[in-house]
Amino acid sequence: MTIQVNPSILSADFANLAAELERISTADAAHVDVMDGHFVPNLTLGLPVVEALRAVSPIPLDCHLMIEAPDRWAPAYAEAGAQGVTFHAEAATAPVRLARELRAAGARAGLALRPATPLEPFVDLLGEFDMLLVMTVEPGFGGQSFLDVTLPKIRRARAAIGASGLDVRLQVDGGVSSTTIERAAEAGADVFVAGSAVYGAEDAAGAVDQLRRLATAACAH
Ligand code: DX5
Ligand code: ZN
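Residues numbered from 1 in each chain as written. Chains lettered and ligands numbered in written order. Predicted model: local features only at pLDDT ≥ 70, side-chain atom pairs only at ≥ 80, totals over all residues. Heavy atoms only, no water.

The protein atoms that coordinate the zinc ion (ligand 2) are His31 (NE2), Asp33 (OD), His64 (ND1) and Asp173 (OD), at distances spanning 2.1 to 2.3 Å. Taken together, the six donor atoms surrounding the zinc ion (ligand 2) define angles of 72 to 174° at the centre, an arrangement classified as octahedral. For the zinc ion (ligand 2), the single-chain donor residues occur in sequence as H-x1-D-x30-H-x108-D. Taken together, the residues span a long stretch of sequence, with His31 in strand β2 (residues 30-35) and His64 in strand β3 (residues 61-66) at a distance of 33 residues. Pair check on accessibility: His31 and His64 agree, each one buried. (Donors = N, O, S within 2.8 Å, 3.2 Å for Na, K, Ca; no water. Tetrahedral: all angles 85-135°; square planar, octahedral: opposite > 155°, others 65-115°. Helix = DSSP H or I, 4+ residues; strand = E, 2+ residues; numbered from the N terminus. Buried < 20%, exposed > 50% of the residue type's maximum accessible area, 1.4 Å probe, protein only.)

See the structure below:
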């Protein structure tokens, strides 16, 4: 299992996003948080910005849609060339149909769960997805503390993916740092989103490397 670290540009300088993407060119993908001010109490960026980022980014874009009505809006992000498009289970009307649309548009389909959303209703749908995102904070803002109460769900998700035999990535997002990443890795996560831990560091690439090393070591035992 290879570990991936995806820095979240939510913590980057929004006036200099092209340069901010260059700072993380050694990461596996850039995590792009799309918030609509309805699904979460924050408003960030949308399709035109994702299209512009896609044109200059040295690494793939992984879009995390924290929006209402993803059935309507998510496919355009796949068509814009995002490598991954993750929508929230709580917001989707027809998650299977939407996942199939995303895959048909050439993207990896991801399903995200807020901290209080149970995994179990979605276990039978795993085959429709390339990635499961277990939120480790309440979505909406960067810089929040990692919620340890989500660790049992990460463990159950890893067990469900293992039992299914499917190639589904298990991503965690929120409060991931050098002090919390090992706990998440031990619980079974293999893709780590980190915003403030990467962009808050002077050496962003060094922070990515350090996180990758810590997670890889924690996974090994
Ligand atoms: C939160 C976003 C996260 C956020 C993580 O709603 O989905 O991707 O950028 O930021 P940190 O790593 O600072 O918690
Ligand atoms: Zn996110």
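On to the pattern of salt bridges, then. Counted by the stated rule, this structure contains ten salt bridges. Close ionic contact of Asp28 with Arg212 constitutes a salt bridge, the shortest N to O distance being 3.2 Å. In this pair, Asp28 is assigned in the loop between α1 (17-22) and β2 and Arg212 in helix α8 (residues 204-219), connecting sequence segments 184 residues apart. The exposure class of Asp28 is partly exposed, given its relative accessible area of 28%. Residue Asp148 is joined to Arg183 by a salt bridge in which the shortest nitrogen-to-oxygen separation is 2.7 Å. You can see Asp148 sitting in the loop between β6 (131-135) and α5 (151-164) and its partner Arg183 sitting in helix α6 (residues 181-187), a full 35 residues away along the chain. By relative accessible area, which is 36% here, Asp148 ends up partly exposed. Judged by its relative accessible area of 34%, Arg183 falls in the partly exposed class. Three or more residues joined by partner-sharing salt bridges are found here, namely Asp28, Asp209 and Arg212. (Salt bridge = Lys/Arg side-chain N within 4 Å of Asp/Glu carboxyl O.)

The biggest cluster of nonpolar side chains holds 64 residues, and the ones touching the most others in it are Ile9, Ile24, Val32, Val85, Leu132 and Phe192. Sequence-distant contacts of Val85, defined by excluding residues within four places in its chain, comprise Asp62, Cys63, Leu65, Ala74, Tyr77, Ala78, Leu102, Ala107, Arg108, Ala109 and Gly110. By size, the runner-up hydrophobic cluster in this structure holds five residues, among which are Phe39, Val40, Met66 and Ala91. (Core = buried A, V, L, I, M, F, W, Y, C linked by side-chain atoms within 4.5 Å. Contact = heavy atoms within 4.5 Å.)

So, on to the site of ligand 1. Taken together, 20 residues sit near ligand 1, with Ser8, Gly140, Asp173, Gly195 and Ser196 positioned nearest. Within the side chain of Asp33, one N or O atom sits 2.8 Å away from an oxygen atom of ligand 1. Between ligand 1 and Gly143, the relevant distance is 2.8 Å, taken from an oxygen atom to a main-chain nitrogen or oxygen of the residue. The protein chains hide 100% of the 390 Å² of surface that ligand 1 would expose on its own. Comparing atom positions with the cavity grids shows ligand 1 to sit within the largest pocket. Among the secondary structure elements, those contributing two or more residues to the shell around ligand 1 are β2, β3 and β8 (191-194). A total of three residues in the shell around ligand 1 trace back to one element, the largest contributor, which is β2. Considering only residue class, the shell around ligand 1 consists of eight nonpolar, ten polar and two charged. (Near = heavy atom within 4 Å. Polar contact = N/O pair within 3.5 Å; in protein donor to acceptor, adjacent residues only side chain to side chain. Areas by Shrake-Rupley, 256 points an atom, 1.4 Å probe, with all protein chains shown as cover. 1 Å grid on protein atoms, 1.4 Å probe; cavity = no way out; pocket = protein on both sides within 12 Å on 5 of 7 lines; lining within 4 Å. Sits in = over half its atoms within 2 Å of the grid points. Nonpolar A, V, L, I, M, F, W, Y, C, P; charged D, E, K, R; others polar.)

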